[in-house]
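If you want the building blocks of each chain, they are given just below.
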Amino acid sequence: MPASLLLGELYPRLVALHPLDNDAKYGERDEDTGRIKIPTSTWSSTEKVNLDGVYAVHNGHEILVHFGEAISRETAESYLGQDSEKLLSDPKSLVWRPQNNAQSRRVHAILEAIQLFWESYGRATPISIANGPLKTKFLEQLVEDRTYRSDTSYIDFLCALHKKIQVKMQNS
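Everything in this summary refers to the structure shown in the same document. What you see is a predicted model, and the numbers here were worked out from it, not measured in a lab. (Residues numbered from 1 in each chain as written. Predicted model: local features only at pLDDT ≥ 70, side-chain atom pairs only at ≥ 80, totals over all residues. Heavy atoms only, no water.)

## Focus: the pattern of salt bridges
Going through the model one piece at a time under the given rule, you end up with five salt bridges. In this structure, Glu-9 and Arg-123 form a salt bridge, with 2.7 Å as the shortest nitrogen-oxygen distance. On the criterion of sequence distance, the pair formed by Glu-9 in helix 1 (residues 3–10) and Arg-123 in the loop between helix 3 (102–119) and strand 4 (127–129) is long-range, its members being 114 residues apart. Looking at Glu-9, the relative accessible area reads 26%, which means it is partly exposed. Residue class for Arg-123 comes out buried when judged on its relative accessible area of 18%. With its nearest N and O atoms 3.3 Å apart, the salt bridge here joins Arg-73 to Glu-77. Of this pair, Arg-73 and Glu-77 both sit in helix 2 (residues 73–80), separated by four residues, roughly a single helical turn. By sharing partners, the salt bridges in this structure join Arg-73, Glu-77 and Glu-85 into a single network. (Salt bridge = Lys/Arg side-chain N within 4 Å of Asp/Glu carboxyl O. Helix = DSSP H or I, 4+ residues; strand = E, 2+ residues; numbered from the N terminus. Buried < 20%, exposed > 50% of the residue type's maximum accessible area, 1.4 Å probe, protein only.)

## Concerning the nonpolar core
Nonpolar side chains in soluble globular proteins generally cluster together in the buried interior. Among the nonpolar cores identified, the biggest contains 24 residues, and Leu-17, Val-65, Phe-67, Leu-80, Trp-96, Leu-111 and Ile-129 are the most heavily contacted of them. When residues of this core are traced back to their parent elements, those giving at least two are strand 1 (13–18), strand 2 (54–58), strand 3 (63–67), helix 2 and helix 3. Examining the composition of this core, we find that five residues originate from one element, helix 3, more than from any other. Excluding residues that lie within four positions of it along the chain, Leu-17 makes contacts with Val-54, Tyr-55, Ala-56, Val-65, Tyr-79, Gln-103, Val-107, Ile-110 and Leu-111. Among the nonpolar cores identified, the runner-up in size contains eight residues, and Leu-14, Val-49, Phe-138 and Leu-142 belong to it. (Core = buried A, V, L, I, M, F, W, Y, C linked by side-chain atoms within 4.5 Å. Contact = heavy atoms within 4.5 Å.)

## Looking at the sheet that holds strand 1
The strands making up a sheet are joined through hydrogen bonds of the backbone, oriented either antiparallel or parallel. The strand order across the open sheet built from four strands is 1-2-3-4, with neighbouring strands paired in mixed fashion. What marks the edges here is a single partner per strand, and that holds for strand 1 and strand 4. For this sheet, the mean inter-axis angle between neighbouring strands, taken without regard to orientation, is 25°. Inspection of the sheet shows strand 1 paired to strand 2 by five bridges, in the antiparallel sense. Each bridged residue has a counterpart across the sheet, and for His-18 the counterpart in strand 2 is Val-54. (Pairing = 2+ DSSP bridges. Axes fitted to C-alpha atoms, helices over the stretch in contact; angles between N-to-C directions.)

This is the structure we're talking about:
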């Protein structure tokens, strides 16, 4: 298994889809490479997720799109059309389709580019809306947040472990 494929499974990538920087021309074709420009992935943590944003997390098996709880109705409608009413009540019934506006087409192009990346490894990555009861599925992909046995973050766990090692070395 290629390292980038394994890395994607162990460490899912988080991409901010809203708001998009208009100057960076994300979701548009790069003139030099001919590929769709994708926003830079960030570490998979709730610290990077704003309540008024839209995010995608992808791991090689699926792409989960999450709409923040404070997202405006207009923004949700610009991405999902009239079906945005089902965002919290029935997200499984939502189908991700480009709407008739530039922002929606750009985000759709970004998600298609991510799908093409995984297809190059022979992986089909369906797009799902991860809101309402499916929000837990999205949060589980944010691997930098919490360990399975406590409420501390992985970074906090590593810092505590480092302190214990230092104390042990000082005492010996």
